[in-house]
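Chain by chain, the residues:
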Amino acid sequence: MDALLSFDNISFSYPMADAGPVKVLDGVSLAIGAGEFVAIVGHNGSGKSTLAKMTNAILLPDSGRMLVSGMDTRDEEKLLEIRQSVGMVFQNPDNQIVATVVEEDVAFALENLGVPSDEIRRRVDRALETVGMSKYAMHAPHRLSGGQKQRVAIAGVIAMRPRCIVLDEPTAMLDPVGRSEVMDTIAQLNRQYGITIVLITHHMNEAARCGRLVVMNKGVVEMDGPPREVFGRYDDMRALGLSVPQPFELAHQLGLDGAQALTVEECADAIYRWLA
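Rules and cut-offs
- Residues numbered from 1 in each chain as written.
- Predicted model: local features only at pLDDT ≥ 70, side-chain atom pairs only at ≥ 80, totals over all residues.
- Heavy atoms only, no water.
- Helix = DSSP H or I, 4+ residues; strand = E, 2+ residues; numbered from the N terminus.
- Rg over C-alpha atoms; globule rule 2.2 N^0.38 Å.
- Buried < 20%, exposed > 50% of the residue type's maximum accessible area, 1.4 Å probe, protein only.
- Contact = heavy atoms within 4.5 Å.
- Areas by Shrake-Rupley, 256 points an atom, 1.4 Å probe, with all protein chains shown as cover.
- Lys, Arg positive; Asp, Glu negative; His and termini not counted.
- Charge placed at Lys NZ, Arg CZ, Asp CG, Glu CD.
- Pairing = 2+ DSSP bridges.
- Expected span 1.5 Å × (residues − 1).
- Axes fitted to C-alpha atoms, helices over the stretch in contact; angles between N-to-C directions.
- pLDDT = per-residue confidence, 0-100.
- Core = buried A, V, L, I, M, F, W, Y, C linked by side-chain atoms within 4.5 Å.

S.K.: Let's hear about the overall build of the protein: which residues, and what values?
M.R.: For the protein, the helix and strand inventory stands at eleven helices and ten strands. Its C-alpha atoms give the protein a radius of gyration of 20 Å, near enough to 19 Å, the size a compact globule of 276 residues would have. Expressed along its principal axes, the backbone C-alpha trace of the protein runs to roughly 60 × 45 × 40 Å. In the protein, which comprises 276 residues, the share counted as buried stands at 52%. Pairs at least 24 residues apart make up 62% of the contacts formed inside the protein by residues separated by at least 6 positions. By element, 48% of the accessible surface of the protein is carried by carbon and sulfur atoms, the whole surface being about 13,400 Å². Side-chain charges of the protein comprise 26 positive and 36 negative groups, with the mean position of each set lying 2 Å from the other.

Right, here's the structure in full:
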C-alpha cells in the first residue's frame with residue numbers, strides 16, 4: 001500500500017519562554033496508506049495532536065520530513081495542494097462554522113478558491129447528503145445540536161474533496177448521541193467513499209472501530225497495529241495509564257476465554273459461552 005501520509009523521523013518542540021524548548025515529537029516515523037482508518041491515542045502531551053497538525057502544514061517539523069502524497073509540507077508551492085488533499089476537523093465545531101446558513105458555511109472555502117457556482121452547488125449538495133444533513137441546508141448552524149454542527153463541519157471538508165480527513169478529538173465536546181452520529185459519519189466516509197481517516201481520540205470505544213490503532217507516549221510511537229492486537233496488550237496499555245474499551249475491560253475482569261471483546265455484542269457472546 002502506497003503511503004498517503006509519511007512521517008519521516010519527525011521531531012518537534014514548542015518554544016517555552018522560561019523553560020526553553022519542550023520536545024513533543026521525538027523521531028516519529030509512521031506511514032499511513034490510502035484508504036486506511038487509523039486511530040491515534042495517548043495521554044495529553046503525548047504528541048498526538050501535534051502529529052495531526054503536521055499533516056497539512058499547520059505545523060512544520062523541526063527535523064525530519066512530513067510528506068503528503070510525496071509532497072513535502074515545507075514546500076510552499078505545494079501548500080494549497082497539500083491542504084486540499086488533507087482536510088482538518090477540530091473538536092469544537094463552533095470554531096469552524098463561519099456562516100449563518102448551513103449550506104453557505106459548507107460553500108465558504110469553495111467560494112474562496114474561486115470554484116464555479118454550478119460546481120459549488122453540486123459539491124455542497126453532495127457533501128450535505130453524505131453526512132445526512134441535506135434537510136438542514138437552510139437552517140442556522142447555531143440552532144443545531146453539537147453532533148449536527150460537527151457533521152456540518154465535516155461536510156465543509158468533504159466539499160473540498162480531500163483524499164484524507166484528520167479529525168482531532170471531534171467528539172470531545174459532544175454527548176453520547178452526538179458522538180455516535182459523528183462516528184457513524186466518519187466510518188461511512190471511509191467504508192463507502194474510501195477516504196483515508198486519521199482519528200485523534202481519547203475514547204477507546206471509538207478507537208476500537210478503526211482498522212488500525214497507534215499509541216503515542218512522550219512523543220514516540222509505543223504501539224501500532226490492529227485494535228484487537230493493541231488492546232490485547234492489556235498490561236502495557238495499563239502501564240501507560242490508558243484504558244481499553246469497556247466490553248474488553250469487562251471480559252478481561254471476568255477472565256473470559258480470549259477476553260478480547262471489542263464490542264458489546266462480542267462481550268455478550270463471550271459471557272453467554274461462559275455461562276453455558
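S.K.: Talk me through the pairing of strand 4 (residues 63-68); I want residue IDs and the actual numbers.
M.R.: Sheet analysis places strand 1 (residues 3-14) next to strand 4, joined by five bridges and oriented antiparallel. Across the sheet, residue D8 finds its bridge partner in strand 4, namely R65. Counted between consecutive antiparallel strands, the loop separating strand 4 from strand 5 (residues 71-72) contains two residues, among which S69 sits at a positive phi close to 50°.

S.K.: Residue-level account of helix 5 (residues 146-158), with values.
M.R.: In this model helix 5 runs 18 Å from its N-terminal to its C-terminal C-alpha over 13 residues, within 8% of the 18 Å that 1.5 Å per residue would give. Most of helix 5 is tucked away: twelve of the 13 residues are buried. At its buried positions, helix 5 is contacted by strand 6 (86-89), helix 3 (102-112), helix 4 (117-130), strand 7 (164-168) and helix 6 (176-193).

S.K.: Got a sec to walk through the sheet that holds strand 10 (residues 220-225)? Specific residues and values, please.
M.R.: In any sheet, the strands associate via hydrogen bonds between backbone groups, in a parallel or an antiparallel arrangement. With mixed pairing, six strands are arranged side by side in an open sheet as 6-7-8-3-9-10. Pairing within the sheet leaves two strands with one partner each, and these edge strands are strand 6 and strand 10. Taking each pair of neighbouring strands and ignoring which way they run, the sheet shows an average axis angle of 20°. The pairing of strand 9 (residues 212-217) with strand 10 spans five bridges and is classified as antiparallel. The residue of strand 10 that forms the bridge with L213 is G225. Against the sheet, helix 5 contacts strand 6 and strand 7, and its axis sits at roughly 165° relative to strand 6. Those strands touched by helix 6 are strand 3 (37-41), strand 7 and strand 8 (196-200), and its axis lies near 150° from that of strand 8.

S.K.: For the confidence of the model for the protein, give the residues involved together with the corresponding values.
M.R.: Confidence along the protein averages 91 in pLDDT terms, with 99% of residues attaining 70 or more. Per-element confidence in the protein ranges from a low mean pLDDT of 84 for helix 11 (residues 264-275) to a high of 97 for strand 3.

S.K.: Which residues make up the nonpolar core, and what values do they have?
M.R.: Burial of nonpolar side chains together is a common tendency in soluble globular proteins. Among the nonpolar cores identified, the biggest contains 52 residues, and I154, I165, I186, I197, V215, F231 and M237 are the most heavily contacted of them. Once residues within four sequence positions are removed from consideration, I186 is found in contact with F37, I154, L167, P170, I197 and L199. Counting 28 residues, the second largest nonpolar core, distinct from the first, contains L4, V24, L59 and V68.

S.K.: Which residues make up the pairing of strand 7, and what values go with them?
M.R.: Burial within strand 7 is extensive, with five of its five residues counted as buried. Burial along strand 7 is two-sided: the residues C164, V166 and D168 and I165 and L167 are all buried. Where strand 7 lies against strand 8, five bridges are found, and the strand directions are parallel. In the strand pairing of strand 8, I165 is matched with I197.

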